[in-house]
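Topology and contacts: notes
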Amino acid sequence: MQWSMQELFVIPDCRVVTVEPVGAAGLHVAAQVKHSHACCPSCQRPSQSVHSRYHRHPADLPSLGNAVHINLLVRRFHCRNPICPRRTFAEPVPELLSPRARRTRRLVGAQGRVGVTCGGEAGARLLRRLGMPTSADTVLRLVRALPLPEYAPPSIDTAATEAPARISQDPEVAKARDLVHRFAELIGRAARPGKGIGKDVQQEACKVST
Ligand SMILES: [Zn+2]
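A few points on the structure. (Residues numbered from 1 in each chain as written. Predicted model: local features only at pLDDT ≥ 70, side-chain atom pairs only at ≥ 80, totals over all residues. Heavy atoms only, no water.)

**Some details on the packing of aromatic side chains**
- Tallied over the full model, the rule gives one aromatic pair.
- Ring centres 5.9 Å apart and planes at 25° place the aromatic pair F77 and F89 in the stacked group. In this pair, F77 is assigned in strand β7 (residues 66-78) and F89 in strand β8 (residues 88-90), connecting sequence segments twelve residues apart. For the pair shown, F77 and F89 are each scored as buried. (Phe/Tyr/Trp six-rings, centres within 6.5 Å; stacked < 30°, edge-to-face > 60°. Helix = DSSP H or I, 4+ residues; strand = E, 2+ residues; numbered from the N terminus. Buried < 20%, exposed > 50% of the residue type's maximum accessible area, 1.4 Å probe, protein only.)

**A look at helix α2 (residues 105-118)**
- Here α2 spans 20 Å end to end across 14 residues, near enough to the 20 Å set by a 1.5 Å rise per residue.
- Within α2, burial applies to L107, G109, A110, Q111, G112, V114 and G115.
- In this fold, the buried residues of α2 make contact with β6 (59-63), α3 (120-129) and α4 (136-145).
- Phi turns positive, to about 90°, at G119, one or two residues after α2. (Expected span 1.5 Å × (residues − 1). Contact = heavy atoms within 4.5 Å.)

**A few points about unusual backbone geometry**
- In this structure, L64 takes a positive phi of about 50° despite not being glycine.
- Along the chain, L64 turns up in the loop between β6 and β7.
- For L64, a relative accessible area of 85% puts it in the exposed group.
- Positive phi, normally seen in glycine, also occurs at R100, with a value near 70°.
- Here R100 lies in the loop between β8 and α2.
- We classify R100 as exposed; its relative accessible area is 76%.

**Let's talk about the side chain of R75**
- Looking at the secondary structure, you find R75 in strand β7.
- Judged by relative accessible area, R75 falls into the buried class, the value being 13%.
- At a separation of 2.5 Å, a polar atom in the side chain of R75 contacts the main-chain carbonyl oxygen of H35.
- Among the polar contacts made by the side chain of R75, one reaches the side chain of E91 at a distance of 2.8 Å.
- Each residue touching R75, except ones within four places of it in the same chain, is listed here: V33, H35, S36, V50, S52, R53, F89, A90 and E91. (Polar contact = N/O pair within 3.5 Å; in protein donor to acceptor, adjacent residues only side chain to side chain.)

**Structural notes on the coordination of the zinc ion**
- Surrounding the zinc ion are the protein donor atoms C40 (SG), C43 (SG), C79 (SG) and C84 (SG), which sit 2.3 to 2.4 Å from the metal.
- For the zinc ion, the four donor atoms in the first shell make angles of 100 to 114° at the metal, so the coordination geometry reads as tetrahedral.
- Read in sequence order, the donor residues for the zinc ion give the motif C-x2-C-x35-C-x4-C. In this pair, C40 is assigned in the loop between β3 (38-39) and β4 (46-47) and C79 in the loop between β7 and β8, connecting sequence segments 39 residues apart. Just as C40 is buried, C79 falls in that class too. (Donors = N, O, S within 2.8 Å, 3.2 Å for Na, K, Ca; no water. Tetrahedral: all angles 85-135°; square planar, octahedral: opposite > 155°, others 65-115°.)

**Description of the nonpolar core**
- Among the nonpolar cores identified, the biggest contains 16 residues, and I11, C14, L72 and L96 are the most heavily contacted of them.
- When residues of this core are traced back to their parent elements, those giving at least two are β1 (14-21), β2 (26-33) and β7.
- Non-local contacts of I11, meaning those with residues more than four positions away in its chain, are made with V16, V29, A31, I70, L96 and R106.
- Among the nonpolar cores identified, the runner-up in size contains nine residues, and A59, A110, V114 and A136 belong to it. (Core = buried A, V, L, I, M, F, W, Y, C linked by side-chain atoms within 4.5 Å.)

Structure below.
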């Protein structure tokens, strides 16, 4: 089974045109957006009227140990809506890149996650070995830009109904509860009217407490 270039180099919303080696461990992937039109960001009207073309060169995830740079051909469209204040706009590639970004979203995510685990300096050293070279400062900047994990504090109702159920399943809690019950039973036996603390109760209390 043979893999095509499109299957080996999957770039969201884009068609790969060529792949060329650059230097000892680098690849240039020429690509272009595969849609025939784009929607104006101001009025949302679609346009196929091309104003001009230009290139963007974002770094991407590595391939087979090679650092990858995409040479992306981007079009600028006319907006033909007479009541729209925007005359031209660049076609967006939102899944791949944010506007003016110099690295793809998936590379930003990978470098940021390495930074979370390794820190700035060690992360930058590891990323160089993994074909995603960048500086320690950039690693730290990407870590700071990562979204914080979502945390929803439990409501009072949830805390009242779920927490006791979780606690009751804890084996340590069950052992402590059993201990309390056995002591309570012994205290009850010892406090029976007309009877002092018998030897059997004292022995049982010693066993429970150990
Ligand atoms: Zn418009």
